[in-house]
Amino acid sequence: MFIVFLIIITVLVLVVVAYLQLPLFGANPTGERLAKIQTSPHYKNGQFHNLSDTPTWTGDTSIIKGLYRFLFEKDKNVAPKSPIPSIKTDLNTLPKNKDYFVWLGHSSYLLHLNQKTYLIDPVLVSATPLPFGGKPFKGADIYMPNDMPKVDYLIITHDHYDHLDYDTIKAMKDRIGQVIIGLGNGAHFERWGFSPTQLIELDWYQDITLGDLHITALPARHSSGRALKQNQTLWASFMLQAGNKTIYIGGDSGYDVFFKDIAKQFPNIDVAIMENGQYDKDWANIHFLPNDFIQAVKDLNPKKLLAVHNSKFILAKHAWDEPMKLLSQSAEQENLPLFTPKIGEVFYLDDNPDFEKWWERVE
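The following paragraphs examine the structure supplied in this document.

Calculation criteria
Residues numbered from 1 in each chain as written. Predicted model: local features only at pLDDT ≥ 70, side-chain atom pairs only at ≥ 80, totals over all residues. Heavy atoms only, no water. Axes fitted to C-alpha atoms, helices over the stretch in contact; angles between N-to-C directions. Helix = DSSP H or I, 4+ residues; strand = E, 2+ residues; numbered from the N terminus. Parallel < 35°, antiparallel > 145°, perpendicular 65-115°, else oblique. Left-handed = near helix turned anticlockwise from the far one by under 90°. Contact = heavy atoms within 4.5 Å. Nonpolar A, V, L, I, M, F, W, Y, C, P; charged D, E, K, R; others polar. Polar contact = N/O pair within 3.5 Å; in protein donor to acceptor, adjacent residues only side chain to side chain. Phe/Tyr/Trp six-rings, centres within 6.5 Å; stacked < 30°, edge-to-face > 60°. Lys NZ or Arg CZ within 6 Å of the ring centre and 35° of its normal. Buried < 20%, exposed > 50% of the residue type's maximum accessible area, 1.4 Å probe, protein only. Pairing = 2+ DSSP bridges. Expected span 1.5 Å × (residues − 1). Arc of directions from axis to C-beta.

Quick word on the packing of helix H7 (residues 290–300) against helix H8 (residues 322–334)
1) Next: Put simply, H7 and H8 touch, their axes get as near as 11 Å, and they point 45° apart. Here H8 runs oblique to H7, going by the angle between their axes. Judged by the sense of rotation from one axis to the other, the crossing of H7 with H8 is right-handed. Residues Pro290, Phe293, Ile294 and Lys298 of H7 pack against Leu326, Leu327, Ser330 and Glu334 of H8.
2) Next: Residues belonging to the contact of H7 with H8 are distributed by class as follows: 5 nonpolar, 1 polar and 2 charged.

Here's the deal with the side chain of His287
1) Next: Topologically, His287 is positioned in the loop between strand E13 (271–275) and H7.
2) Next: In this structure the side chain of His287 is engaged in a polar contact, spanning 3.0 Å, whose partner is the side chain of Glu275.
3) Next: With residues up to four places along the chain from it excluded, the contact list for His287 reads His222, Asp252, Ser253, Gly254, Glu275, Gln278, Tyr279 and His309.

So, the packing of aromatic side chains
1) Next: In the structure shown here, the tally under the stated rule is 20 aromatic pairs.
2) Next: On the numbers, 5.3 Å between centres and 40° between planes, the contact of Phe101 with Tyr109 is tilted.
3) Next: An aromatic cluster of at least three residues, connected via ring pairs, comprises Tyr255, Phe258, Phe259, Phe288 and Phe293.
4) Next: A cation sits over an aromatic face here: Lys98 above Tyr348, 4.9 Å from the ring centre.
5) Next: Seen from the ring of Phe194, Lys173 lies directly overhead, with NZ or CZ sitting 5.8 Å from the centre.

As for the packing of helix H6 (residues 258–265) against H7
1) Next: Contact geometry for H6 and H7: axes closest at 8 Å, N-to-C directions at 25°. Viewed along their axes, H6 and H7 adopt a mutual orientation that is roughly parallel. Pair H6 / H7 crosses with right-handed handedness. Listed contacts from H7 to Phe259, Lys260, Ile262 and Ala263 of H6 are Ala296, Asp299 and Leu300.
2) Next: Grouping the amino acids of the contact of H6 with H7 by side-chain chemistry returns 5 nonpolar, no polar and 2 charged.

Structural notes on the environment of Trp358
1) Next: Turning to its location among the elements, Trp358 is positioned in the segment after strand E15 (346–348).
2) Next: Residue Trp358 is classed as buried on the basis of its relative accessible area of 1%.
3) Next: With 81 residues separating them along the chain, Trp358 and Gly277 place their C-alpha atoms 16 Å apart.
4) Next: Filtering out sequence-adjacent residues up to four positions away, Trp358 remains in contact with Ile84, Pro85, Trp103, Ser311, Trp320, Met324, Thr340, Pro341 and Lys342.

Overview of the sheet that holds strand E8 (residues 199–202)
1) Next: Pairing is mixed across the open sheet formed by 7 strands, whose spatial order is E8-E7-E6-E5-E4-E3-E15. The open sheet terminates on both sides in strands that have one partner only, identified here as E8 and E15. Put simply, the sheet's adjacent strands are angled 20° from each other on average, direction ignored.
2) Next: Bridge count between strand E5 (residues 116–120) and strand E6 (residues 151–155): 3 bridges; the pairing is parallel. By the bridge assignment, Leu119 is partnered in E6 with Leu154.

Points about unusual backbone geometry
1) Next: One non-glycine residue, Asn231, lies in the positive phi region at around 60°.
2) Next: When you line up the elements, Asn231 lands in the loop between strand E10 (213–218) and strand E11 (237–242).
3) Next: Using a relative accessible area of 14% as the deciding quantity, one classes Asn231 as buried.
4) Next: The backbone of Ser311 sits at a positive phi, close to 70°, despite the residue not being glycine.
5) Next: As for its position among the elements, Ser311 is in the loop between strand E14 (304–308) and H8.

Things to note about H8
1) Next: Here H8 contains 13 residues, and its C-alpha end-to-end distance of 18 Å stays within 8% of the 18 Å for a straight helix at 1.5 Å per residue.
2) Next: For H8, the full list of buried residues reads Pro323, Met324, Leu327, Ser328, Ser330 and Ala331. Each buried residue of H8 sits inside an arc of 170° when the element is viewed along its axis, so together they form one side. Residues of H8 that are exposed and angled more than 90 degrees away from the buried face: Glu332 and Gln333.
3) Next: Residues of H8 that are buried make contact with H7 and E14.
4) Next: Two residues or fewer after H8 comes Asn335, characterised by a positive phi angle close to 60°.

Description of the sheet that holds strand E9 (residues 207–210)
Across a sheet, strands are paired by hydrogen bonds formed along the backbone, either parallel or antiparallel in direction.
1) Next: Spatial ordering of the open sheet is given by E9-E10-E11-E12-E13-E14, a layout of 6 strands whose pairing is mixed. Unpaired on one side and paired on the other, E9 and E14 mark the two borders of the sheet. Each strand of the sheet is rotated relative to its neighbour by a mean of 15°, with strand direction disregarded.
2) Next: Alignment of E9 against E10, held across 4 bridges, turns out to be antiparallel. Paired with Ile208 across the two strands is Ile215, which belongs to E10.

Here it is, written out as structure tokens:
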């Protein structure tokens, strides 16, 4: 009961804080930005909507009972008992003439493509505005904002706290070139001191060419919101075409038929980076359940597969290593091109290394 009471008090505090408009909450779109949003076919009745009807709660009980289960019925191995295996690579000394991927834990990662550096969904300080929780596992916490190099492009898939960390963005502000985001998210960044000329806001199926980069915003089945008013900014996945590579950045999503449509539009995906973890039958529409993840991968048919959104925070009830265990088994059974670098381990995308099953080494 004490934990429930603490959560209620915390929610009340957050309501007051949101009312006071502290910076970490960002800002809702207004003015010309809101007017542009209102022309989107995906914005109706004052908020963005998924392509398919998407009730957020899919549980077999009430939300209150679901909250109780979330708090008190977690798997006994929801957190690892020993540090997550990781490698503290100096990101400022990596070769400029190679394409690579470096996982930073959860959904944060660094990409280097055709001599340009991309940082995706960096959450290096805190994954929650709450005064408790959100602490990364030992070993998954090796990178902080000061460890990041200058980036040409920051890509944010949506504005939830475990994908858009105010403290990380604030610390890195002067090392970020352009910001690529879904419609409406620019309001957060302008409030945080970014110039409007740095911000590229896209609707689903919109694309833009920036030098040798061609990027297309694509659907995801999810939601958004940093305070009380929800779904005022667009969540998205992205397809990057740079040099000779096509890279799919999945963001957070539940399964939907649009994955088959994406594959028709982009039939030669070199690498798909997709969320695998923090799922539950209570929110099955907005995060892949394990079998749905496999189906989405089959739909996209990438040459190489990377799985993120796991092994750093407690955001669901399942065992911390369940996502990678199940995916590894499915990859072997279904012959999926899964690669499993550790946090901080460099994956040169032109190579085909045999990475270890690092989660098996954790107590």
